[in-house]
Amino acid sequence: MSQKIVTVQRHVLEAQQQHPEATGDLTGLLWDLILAAKVISCQVNKAGLAQILGLTGSHNVHGDEVTKLDVFANDVIYRAMDHGGHLCVMASEEADDIIPIPSRFSKGKYVLLFDPLDGSSNIDANVSVGTIFSIYRKKTLGSDGTVEDCLRKGIEQVVAGYIVYGSSTVLVYSAGYGVHGFTLDPAIGEFLLSHPDIKTPKKGKIYSVNEGNVLQWDEGTRKYINYLKEDDAATGRPYSARYVGSLVADFHRNLLYGGIFLYPAGHKKGKDKPQGKLRLLYEASPLAFLVEQAGGMATTGRERILEIEPEHLHQRVPLIIGSEQDVQQYLGFLNQG
Ligand code: P6P
């Protein structure tokens, strides 16, 4: 039985129709974001041609100023989202402070946090990169969103998702009713349902970590990674090491295949990263929302990612995320020390 043809716009609309109280505001917001994803995908997929198409230097063949792709992606999302009337404020990995909605546009009840193009340093090597987004309802009074509207626990997310620009462009999102994936058909410019109701395996055979940081890890993490390398077929070991170095690519693979991704805290004189490297609000939280919706787990090693009370926009956290049994096993090693 072939799969029914469903665009992501249709999927979002059908989800809205399950909620009689819905105004269509969130649907409109997501449709704007989907448009931005298509524009970014088109540009990312020809990045390698920049040199050939004369897109290098400060201006392209049309005389337009050429910007770095992550700045381009940030600008596309901003210009697609600022005037729809669905948002009261935005925050981006590319912007130090919150991004207000221009006074000339009406404001809405949602908050959008995003990393416009995570892993963009990999683009020149044609490695997959991704956009990560997180949506909350405004909680403060008044029409203008504030930083308080952005500093939210991940459990309050209304929608979380990402777009991975790889061998194909895939959009994955959850509105709290399962995780669903859509693959872009560039011939028709539509994201079509390709991964309905994603559930991540309870236990995987893949671990993803930058082992170059091993000297910065605490003892429990070192013991866990060494445990995964031991030869014991009865427990599915050794695991395979898979590390792209692009969070969305590593997360997407592990979500579908099962396994564990780790970016632990780093403790090393001169290179100390006690809070890890990855950002809470627009990287760890949205991916944690998705993985829990898919039956997995996400922790700092000390606390559930979705329960963290953020203190500032670009706060970093250690991130251990993936299959439930693998993350639980890691916590066992960490607690043994
Ligand atoms: P490292 C990319 O720069 C990024 O922010 C994530 O996409 C990725 O998971 C991580 O950093 C890789 O970091 O230190 O292993 O190169």
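## Quick word on the site of the ligand
Now for step 1: Close contacts around the ligand come from Asp118, Gly119, Asn210, Tyr243, Gly245, Ser246, Leu247, Phe261, Tyr263 and Lys277, and that covers them all.
Now for step 2: In the environment of the ligand, an oxygen atom lies 2.5 Å from a nitrogen or oxygen atom belonging to the side chain of Tyr243.
Now for step 3: Take Tyr263: an N or O atom from its side chain is 2.6 Å from an oxygen atom of the ligand.
Now for step 4: When the ligand is considered free in solution it has 400 Å² of accessible area, and contact with the protein chains removes 79% of it.
Now for step 5: When the residues that make up the shell around the ligand are grouped by side-chain class, the tally is 4 nonpolar, 4 polar and 2 charged.

## Let's talk about the nonpolar core
Now for step 1: Judged by nonpolar contacts, the single largest core of 42 residues is most densely connected at Met81, Leu112, Leu117, Phe133 and Ile135.
Now for step 2: Sorting elements by how many residues they give to this core places helix α2 (residues 25-44) first, with 9 residues.
Now for step 3: Once residues lying within four places of it in the same chain are set aside, the contact partners of Ile135 are Leu26, Leu29, Leu30, Tyr110, Val111, Leu112, Gln157, Val158 and Val159.

## Side note on the domain arrangement of the protein
Now for step 1: In terms of domain boundaries, the protein breaks down into domain 1 (8-195) and domain 2 (206-336).
Now for step 2: A separation of 25 Å is found between the C-alpha centroids of domain 1 and domain 2.
Now for step 3: Contacts between the two partners involve 44 residues from domain 1, matched on the other side by 30 residues from domain 2.
Now for step 4: Here domain 1 meets domain 2 over a buried area of about 2700 Å², counting both sides, of which 67% is carbon and sulfur.
Now for step 5: Counting across the domain 1 and domain 2 interface gives 1 salt bridge.
Now for step 6: Among the salt bridges present, the one from Glu307 reaches Lys153, with a minimum N-O distance of 3.7 Å.
Now for step 7: Counting across the interface, domain 1 meets domain 2 through 10 residue pairs in polar contact (both at pLDDT 80 or more).
Now for step 8: For the side of domain 1 that touches domain 2, the secondary structure elements donating two or more residues are β1 (87-92), β3 (110-118), β4 (129-137), α4 (147-150), β5 (159-165) and β6 (169-174).
Now for step 9: In terms of residue class, the side of domain 1 that touches domain 2 is built from 24 nonpolar, 13 polar and 7 charged.

Cut-off values and rules
Positions within a chain are numbered from 1, following the residues in the order the chain's sequence is written. Local features are withheld for residues below a pLDDT of 70 in this predicted model, meaning they are given only at 70 or higher, and side-chain atom pairs are given and counted only at 80 or more; totals for whole chains, interfaces and linings count all residues. The basis for every side-chain value is the complete set of non-hydrogen atoms in the structure, without hydrogens or water. Whether a residue is near a molecule or strand is decided by its heavy atoms; if any one of them lies within 4 Å of it, the residue is near. Any pair of nitrogen or oxygen atoms within 3.5 Å is treated as a polar contact; in protein, a donor-acceptor pairing is required on top of that, and neighbouring residues in sequence qualify only through side-chain atoms on both sides. Here, Shrake-Rupley sampling with a 1.4 Å probe gives the accessible areas, and only protein chains in the shown set may cover a residue. Three classes are used, and their members are as follows: Ala, Val, Leu, Ile, Met, Phe, Trp, Tyr, Cys and Pro are nonpolar, Asp, Glu, Lys and Arg are charged, and the others, Gly among them, are polar. By convention a nonpolar core is built from buried Ala, Val, Leu, Ile, Met, Phe, Trp, Tyr and Cys residues, the set being connected through side-chain atoms within 4.5 Å. Between buried and exposed lies partly exposed: a residue is buried under 20% and exposed over 50% of the maximum accessible area for its type, with that area taken using a 1.4 Å probe on protein chains only. Secondary structure counts use DSSP, requiring at least four H or I residues in a row for a helix and at least two E residues in a row for a strand, with both numbered from the N terminus. It only takes one pair of heavy atoms within 4.5 Å for two residues to be counted as in contact. Domain delimitation in this document rests on an assignment produced automatically or drawn from a domain database. Reported buried area values correspond to the accessible surface (1.4 Å probe) lost by two parts on association, with both partners' losses combined. Only one rule defines a salt bridge in this text: a Lys or Arg side-chain nitrogen within 4 Å of an Asp or Glu carboxyl oxygen.

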